[in-house]
Amino acid sequence: MDYKKLADLLYPNVKETIDHYLKKYPKRQLKEGAEVMRIAPSPTGYLHTGHAYSAFISRATTRKTNGVFYFRLEDTDQKRLIENAGTIAYDMLCYYDMKPDEGYTGDGKPQIGDYGDYVQSKRIDIYKCFAKHLVSVGRAFPCFCEKSEGKEDVLNKRQEQLENSGTIEDKDVCRHLTYEEIENNIKQGKPFALKLLSMGNPEKTFKFHDLIKGDREIRENAKDIVLVKSNGIPPYSFAHVVDDTLMGTTIVVRGEEWFPSLASHLEVFNAFGFKPPKYAHTPVICKLDENGNKRKLSKRKDPEADVRYFIEQGYPVVSVMEYLLNLLNSDFEQWRERNPMLSYKDFDFKISKIGSNNPMFDFNKLNDVSKNHISKLIKEQVYDNLCEYAKNYDEMFYNILTKNSEYSKNVLNIDRENAKPRKDIAKWSDVKTYYNYMFNLFNPTKLEDYEIQDVDICKLKEVCQEYAKVYNQSDDKQIWFNRIKEMANKLDYATDNKLYKQNPQNYKGNVSDVCMYIRIAITGRKNSPDLYSICSLLEKDEVVNRLNKICNM
Ligand code: GLU
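Every value quoted in this text rests on a predicted model; they were computed, and no experiment measured them.

Definitions and cut-offs
- Residue numbers restart at each chain and count upward from 1, following the sequence in its written direction.
- The model is predicted, so local features are restricted to residues of pLDDT at least 70 and side-chain atom pairs to those at 80 or more, both for listing and for counting; the totals for chains, interfaces and linings are taken over all residues.
- To get the side-chain values, take all heavy atoms of the structure and skip hydrogens and water.
- Aromatic rings from Phe, Tyr and Trp, with only the six-membered ring used for Trp, were paired whenever their centres fell within 6.5 Å, and each pair was classed as stacked if the ring planes differed by under 30 degrees, edge-to-face if by over 60, and tilted otherwise.
- Helix numbers and strand numbers start at the N terminus; a helix is a DSSP run of H or I with at least 4 residues, a strand a run of E with at least 2.
- Think of it in three bands: with a 1.4 Å probe and only protein chains considered, a residue is buried below 20% of the maximum accessible area for its type, exposed above 50%, and partly exposed in between.
- Any residue with a non-hydrogen atom lying within 4 Å of a molecule or strand is treated as near it.
- Polar contacts here mean pairs of N or O atoms no more than 3.5 Å apart (in protein, one a potential hydrogen donor and the other a potential acceptor; neighbouring residues in sequence count only if both atoms are side-chain atoms).
- Each residue is assigned to one class: nonpolar for Ala, Val, Leu, Ile, Met, Phe, Trp, Tyr, Cys and Pro, charged for Asp, Glu, Lys and Arg, and polar for all the others, Gly among them.
- Here a strand pair is declared whenever DSSP counts at least two bridges between the two strands.
- Contacts are assigned to residue pairs with any non-hydrogen atoms lying within 4.5 Å of each other.
- Axis geometry follows a simple rule: fit a line to the C-alpha atoms, using only the stretch in contact for helices, then measure angles between N-to-C directions, giving values from 0 to 180 degrees.
- Helix span, expected: 1.5 Å multiplied by one less than the number of residues in the helix.
- The directions considered for the arc are those from the helix axis to the C-beta atoms.
- A crossing counts as left-handed when the near helix is turned anticlockwise from the far one by less than a right angle, and as right-handed when that turn is clockwise.
- Reported orientations rely on four angle classes, namely roughly parallel under 35 degrees, roughly antiparallel over 145, roughly perpendicular from 65 to 115, and oblique for the rest.
- Here is how to tell: hold the view so the strands point away, follow the path from the first strand over the helix to the second, and if it runs clockwise the crossover is right-handed.

**Q** So, the packing of aromatic side chains: which residues are in play, and what are the values?
**A** In total, this model carries 33 aromatic pairs according to the counting rule given. Ring geometry for tyrosine 25 and tyrosine 115: centres 6.1 Å apart, planes at 35°, overall tilted. Of this pair, tyrosine 25 sits in the loop between α2 (18-24) and β1 (36-39) while tyrosine 115 is found in the loop between β3 (102-103) and α5 (124-136), placing the two residues 90 residues apart along the sequence. A single burial state applies to tyrosine 25 and to tyrosine 115, both of which are buried. When the ring of phenylalanine 332 is compared with that of phenylalanine 347, the centres are 5.2 Å apart and the planes differ by 85°; the resulting orientation is edge-to-face.

**Q** Any details on the site of the ligand? Residues and values, ideally.
**A** For the ligand, the full set of nearby residues is Arg38, Ala40, Pro41, Ser42, His51, Glu74, Tyr236, Val253, Arg254 and Trp258. Between the ligand and glutamate 74, the relevant distance is 2.6 Å, taken from a nitrogen atom to a side-chain nitrogen or oxygen of the residue. Here an oxygen atom of the ligand and a side-chain polar atom of tyrosine 236 are 2.4 Å apart. Residues belonging to the shell around the ligand are distributed by class as follows: 5 nonpolar, 2 polar and 3 charged.

**Q** How would you summarise the sheet that holds β3 if you had to cite specific residues and measurements?
**A** As summarised here, the arrangement of the 3 strands in space is β1-β2-β3, forming an open sheet in which the pairing is parallel. Sheet topology places β1 and β3 at the edges, where each strand pairs with a single neighbour. Here β1 pairs with strand β2 (residues 68-71) via 4 bridges, running parallel. Within β2, the position partnered with isoleucine 39 by the bridge is phenylalanine 71. Contacts from helix α3 (residues 49-65) reach β1 and β2, with the element oriented near 160° to β1.

**Q** Can you explain the sheet that holds strand β5 (residues 193-196)? Please cite residues and give values.
**A** The pairing of strands in a sheet comes from backbone hydrogen bonds and takes either a parallel or an antiparallel form. Reading across from one edge, β4-β5-β8 is the order of the 3 strands in this open sheet, with antiparallel pairing throughout. In this open sheet, the two edge strands, each paired with only one partner strand, are β4 (140-143) and β8 (226-228). Taking the axes of each pair of neighbouring strands and ignoring which way they run, one obtains an average angle of 45° across the sheet. Bridging between β5 and β8 involves 2 bridges; their strand directions are antiparallel. Each bridged residue has a counterpart across the sheet, and for leucine 194 the counterpart in β8 is valine 228.

**Q** Can you lay out helix α19 (residues 477-491) for me, pointing to particular residues and giving the numbers?
**A** Its 15 residues give α19 an end-to-end C-alpha distance of 21 Å, which sits within 8% of 21 Å, the value for a rise of 1.5 Å per residue. Regarding α19, the residues found buried are Trp480, Ile484, Met487, Ala488 and Leu491. One side of α19 holds all its buried residues, which, seen down the axis, span an arc of 105°. In α19, the exposed positions angled more than 90 degrees off the buried face are occupied by Gln478, Glu486, Asn489 and Lys490. For α19, the side-chain oxygen to backbone nitrogen distance between the N-cap and glutamine 478 is 3.1 Å, and the N-cap itself is aspartate 476.

**Q** I'd love a proper account of unusual backbone geometry, names of residues and values included.
**A** Backbone torsion omega between glycine 116 and aspartate 117 reads 5°, so that peptide bond is classified as cis. One can find aspartate 117 in the loop between β3 and α5. One non-glycine residue with positive phi stands out, namely aspartate 97, at about 60°. Take aspartate 97: it is sitting in the loop between α4 (85-95) and β3. Judged by relative accessible area, which is 34%, aspartate 97 ranks as partly exposed. Positive phi, close to 55°, is recorded for aspartate 415, a residue that is not glycine. Along the chain, aspartate 415 falls in the loop between α16 (405-412) and α17 (428-434). Note on aspartate 415: relative accessible area 22%, which makes it partly exposed.

**Q** Quick rundown of the packing of helix α18 (residues 457-470) against helix α23 (residues 540-551)? Include the residues and the values.
**A** It is at 9 Å that the axes of α18 and α23 come closest, and there the two elements cross at 145°. Where α18 crosses over α23, the two elements pack in a sense that is left-handed. Here α18 contributes Leu460, Lys461, Cys464, Gln465, Tyr467 and Ala468 to the contact with α23, which in turn contributes Val544, Leu547, Asn548, Ile550 and Cys551. Residues that form the contact of α18 with α23 fall into these classes: 8 nonpolar, 2 polar and 1 charged.

**Q** Give me the packing of helix α1 (residues 3-10) against α5: which residues, what numbers.
**A** Viewed as axis vectors pointing N to C, α1 and α5 meet at an angle of 150°, and their least axial separation amounts to 7 Å. As the angle between them shows, α1 and α5 are arranged roughly antiparallel. Relative to α5, α1 is oriented so that their crossing is right-handed. Mapping the contact onto sequence places Tyr3, Lys4, Leu6, Ala7, Asp8 and Leu10 in α1 and Lys132, Val135 and Ser136 in α5. Broken down by class, the residue content of the contact of α1 with α5 amounts to 5 nonpolar, 1 polar and 3 charged.

**Q** Any details on the pairing of strand β7 (residues 214-219)? Residues and values, ideally.
**A** The sheet contact formed by strand β6 (residues 205-210) and β7 spans 6 bridges and is antiparallel. Residue pairing across strands places phenylalanine 208 opposite arginine 216, the latter belonging to β7. Two successive antiparallel strands, β6 and β7, enclose a turn made up of 3 residues.

**Q** Report on the pairing of strand β9 (residues 251-255), specifying residues and quantitative values.
**A** Across the 5 residues of β9, 5 count as buried, placing the element largely inside the fold. Where β9 lies against strand β10 (residues 278-282), 5 bridges are found, and the strand directions are parallel. Residue pairing across strands places valine 252 opposite tyrosine 279, the latter belonging to β10. Traced from β9 through helix α9 (residues 262-272) to β10, the parallel crossover comes out right-handed.

Just geometry here; none of it tells us what the structure is for.
Here you go:
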């Protein structure tokens, strides 16, 4: 077959050659070792946590190597297009401090960089040119099977072929069409899909080094995969080969789910004679379902699959990034302990340290990481971040916080800015409930509104009654504490206590019990940040009123 002639028959309007594009997008002038990496999401309406995870790897690696991190929008699946989805994905990357250096920046916004267009649907002419090239070198053929043709029809055709030729070939039936048959179909205006003429032998394997999975042995591709659909649009397997080549990608980081089709992608690179980039197939973030089985994070079932969820919940960007780093590099946690005050960006992130097991998404761990991060912030930072959050998600609380900003900051400073700050706030949405008693948002009307399980109500009331009489707002911490001690001794709760009987001299439990009763009256809970600070920040009358209130219930 004269492939050149066939190429002209199939693509009469394509005049350029691939050399035109290879010259137009020359090799990037970057320093030795600089990596070029991309995030290439399909516009599905949100940015999946898994994509953020891959983006993190690419952003961190290109930052470290002085390379380029770019955004390419893979919008060729027209059926699934969602308005604004690309913009959302770009904005999310920026929000999470992973702003790309180059590429698409949102619908209707100018793109950055010389290797565009960075939106696949705008690159159809380029794909056509590359498609024509593959036909002209005998590595692609047109397939006229109609989409409606079911599996059965295709199987029947294969059977027919088998009977005629006597060999079994798991290849596409249309690969054997003659030039005349093809020409005839074209004349009749039949649409065609372009398929790869695979030369792989599925009996053979080859060695492949994946930057995360390590050395692997892979079966050669034997499938005549679709390169261009009959509507002229190329699927991922063809489009990314062309794009990553022209855009100079050096490492492709993508989800593990692409690994099974890797051999076919490599065959397409090979058919062109292009050197493929290095690949890093990331493990997939999983979680346990109700039955204890591991499964992939799913947009439908898990709100945390969409990175906007963390924003709505009020997790700081740093917390989410540090959590992802925890999932990615197991030595990050130790590094964090040794370097509590450094930025996570100072961590020497290495792709080679990424484990190949699928990590589990664990909210408890995320919360711990986040509590740790928030505990290290100074009160102004906490106040600013909290206000920013409340402004968008809780206007009522925002008004409360900003009405008396000094007071709010002092509340947020309780047990903060010291050597052992309290680690209790994981996300900004926690604060309103956590400190409801400091912002007039805790208004108990009955004893059950307090945390009183296993509490001796008689003693609680007795303590609160006594304490209301002696409470002095101007006491310093030592005097404040001494006063409580004195009262505890006077009330002499210790005598019926088992621990007291065992060791009367050292028994201090009565003081902590007394403190607990006061704490319940003031905050509603058995545990709270420093009680002295809480009382000092409230008005004197407020403290006494709360003590009296519980006594009268
Ligand atoms: N568009 C593909 C996706 O959204 C990109 C995969 C890749 O990063 O290569 O999954």
